[in-house]
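Chain residues, written in single-letter form:
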Amino acid sequence: MRPSAGSFPYTDQNGTVWLAFMDFGERSRDRVVICVHGLTRNGRDFDRLATAMARDFRVIEVDVAGRGRSGWLADKASYGYPTYLKHMEALLAYRGLEQVDWIGTSMGGLIGMLMAAQPESPIRRLVLNDVGPFIPKAALERIGERVGKDPRFRNHQEAADYFHEAYADFGIPDEVAWSDLTLHSTVRQENGTYALHYDPAIGDAFKEPMEDVDLWAVWDAIQCPVLVLRGADSDLLTRDTAREMTQRGPKADLVEFPGCGHAPALMSEDQIQVVHEWLLSFEEDEEDTAADAV
């Protein structure tokens, strides 16, 4: 089944922005997975994962405002988690979804954490890809060195060279994946050059002095099952933080992927299988419980 592209308008005091998504799988399925990308990325990062999981789930990839096919915010100061949470709640309402599973990479994981910590959260199961409740200042400063830059590329090969350097830690598994990443991460300009497919203003927050991020109180409020994925070389989700996540709050399951840092691409079969089987295990448990009740 081919995925379908969709979008809807969100209006608040700052005007209207169109928010885009890709929908994989049968719409009749009651098992829905929302995939939300990292800071400078877009929903198409999850294409391989969504295609594989569409056999058992309906999967929706989201472009967060200012990225991919979603519109740019008129008020640049509104790029931040309060806005993103409102947008995600609007997406669930637009699609009539009361309960979902959530896969979030980096920023997308933090959005998921904040939603999962809310009373009567719509998130049933949460997968965090290389992010947790504590983020070291040094990792944020490293990210801030690149985010918000607005380079131009004469062609896709120049863009590909840029991405090979920028995303070397992702563990991209093959050249086809690199090609797809380049295609979805650039947008052609009127003068024939290519730009990054995001609003450079998303990096404005990184112009301020960085401090450690401490969200342990949010973590301790989460009650749904959580799977934490960690790149073995990650500087954003340290090994100590990941281990503590297994010991407090929702006491997450933890899987570490060798050969990558921040953040695992979730494009290789082994990484996709870990996520797919973890989410599917809950469905199998529920089916067994229902069968026993009969």
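Residues numbered from 1 in each chain as written. Predicted model: local features only at pLDDT ≥ 70, side-chain atom pairs only at ≥ 80, totals over all residues. Heavy atoms only, no water.

Let's talk about the packing of helix α5 (residues 156-166) against helix α6 (residues 175-184)
For clarity, the cut-off: Note on geometry: axes are C-alpha line fits, over the in-contact stretch for helices, and angles between N-to-C directions span 0 to 180 degrees. Helical segments are the DSSP runs of H or I of at least four residues, strand segments are the runs of E of at least two, and each set is numbered from the N terminus. For classification, angles of less than 35 degrees are called roughly parallel, those exceeding 145 degrees roughly antiparallel, those between 65 and 115 degrees roughly perpendicular, and all remaining angles oblique. Contact criterion: two residues are considered in contact whenever any of their non-hydrogen atoms come within 4.5 Å of each other. Residues are sorted three ways: Asp, Glu, Lys and Arg are charged, Ala, Val, Leu, Ile, Met, Phe, Trp, Tyr, Cys and Pro are nonpolar, and all the rest, Gly among them, are polar.
The interhelical angle for the contact between α5 and α6, taken along N-to-C directions, is 110°, at an axis separation of 9 Å. For the element pair α5 / α6, the angle class is roughly perpendicular. Residue-level inspection shows His-156, Ala-159, Ala-160, Phe-163 and His-164 of α5 in contact with α6, the latter providing Glu-175, Trp-178, Leu-181, Thr-182 and Leu-183. Across the contact of α5 with α6, the residue classes break down as six nonpolar, three polar and one charged.

Digging into the environment of Trp-278
Just so we agree on the cut-off: Accessible area is worked out with a 1.4 Å probe on protein chains only. A residue is then buried under 20% of its type maximum, exposed over 50%, and partly exposed in between. Between N or O atoms, a polar contact is any pair within 3.5 Å; within protein, one atom must be a potential hydrogen donor and the other a potential acceptor, and residues adjacent in sequence are included only when both atoms are from side chains.
One can find Trp-278 in helix α9 (residues 269-293). For Trp-278, a relative accessible area of 11% gives the class buried. Taking C-alpha positions, Trp-278 is 9.2 Å from Val-127, a pair spaced 151 residues apart along the chain. Apart from the residues lying within four places of it in its own chain, the contact partners of Trp-278 are Arg-125, Leu-126, Val-127, Pro-225, Val-226, Leu-227 and Asp-253. Among the polar contacts made by the side chain of Trp-278, one reaches the side chain of Asp-253 at a distance of 2.8 Å.

Focus on the sheet that holds strand β10 (residues 194-196)
Put simply, the test is: Think of it this way: DSSP has to see at least two bridges between two strands before they count as a pair.
Overall, antiparallel pairing links the three strands, which are arranged β8-β10-β9 in an open sheet. Looking along the sheet, the strands with just one partner apiece sit at the ends: β8 (152-153) and β9 (186-188). Alignment of β8 against β10, held across two bridges, turns out to be antiparallel. Paired with Arg-152 across the strands is Ala-195, a residue of β10.

Remarks on the layout of surface pockets
Under the convention used in this document: Here a cavity denotes grid points, spaced 1 Å and computed from the protein atoms alone, that fit a 1.4 Å probe unable to get out, and a pocket denotes an open set having protein on both sides within 12 Å along at least 5 of 7 lines; residues with an atom within 4 Å of a point are the lining. Grid points are joined across faces, edges and corners, and a volume is the space filled by probe spheres set on the points.
For the second largest pocket, the calculated volume is near 170 Å³. Lining the second largest pocket we find 15 residues, and of these Asp-12, Asn-14, Leu-73, Ser-78 and Thr-83 sit closest to its centre. Broken down by secondary-structure element, the contributors of at least two residues to the lining of the second largest pocket are β1 (4-12), β2 (15-24) and α2 (81-94). Counted by class, the lining of the second largest pocket contains five nonpolar, seven polar and three charged residues.

Things to note about the packing of α2 against helix α3 (residues 107-116)
Between α2 and α3, the least distance of the axes is 10 Å, while the angle of their chain directions is 75°. Here α2 lies roughly perpendicular to α3, going by the angle between them. Of the residues in α3, those in contact with Tyr-81, Tyr-84, Leu-85, Met-88, Glu-89 and Leu-92 of α2 are Met-107, Leu-110, Ile-111, Leu-114 and Met-115. Split by residue class, the contact of α2 with α3 holds ten nonpolar, no polar and one charged.

Concerning the nonpolar core
Rule in force here: Residues belong to one nonpolar core when they are buried, are Ala, Val, Leu, Ile, Met, Phe, Trp, Tyr or Cys, and are joined through side-chain atoms within 4.5 Å.
Judged by nonpolar contacts, the single largest core of 69 residues is most densely connected at Ile-34, Trp-102, Ile-111, Leu-126, Trp-219 and Val-226. Among the nonpolar cores identified, the runner-up in size contains 25 residues, and Val-33, Val-59, Ile-103 and Trp-278 belong to it.

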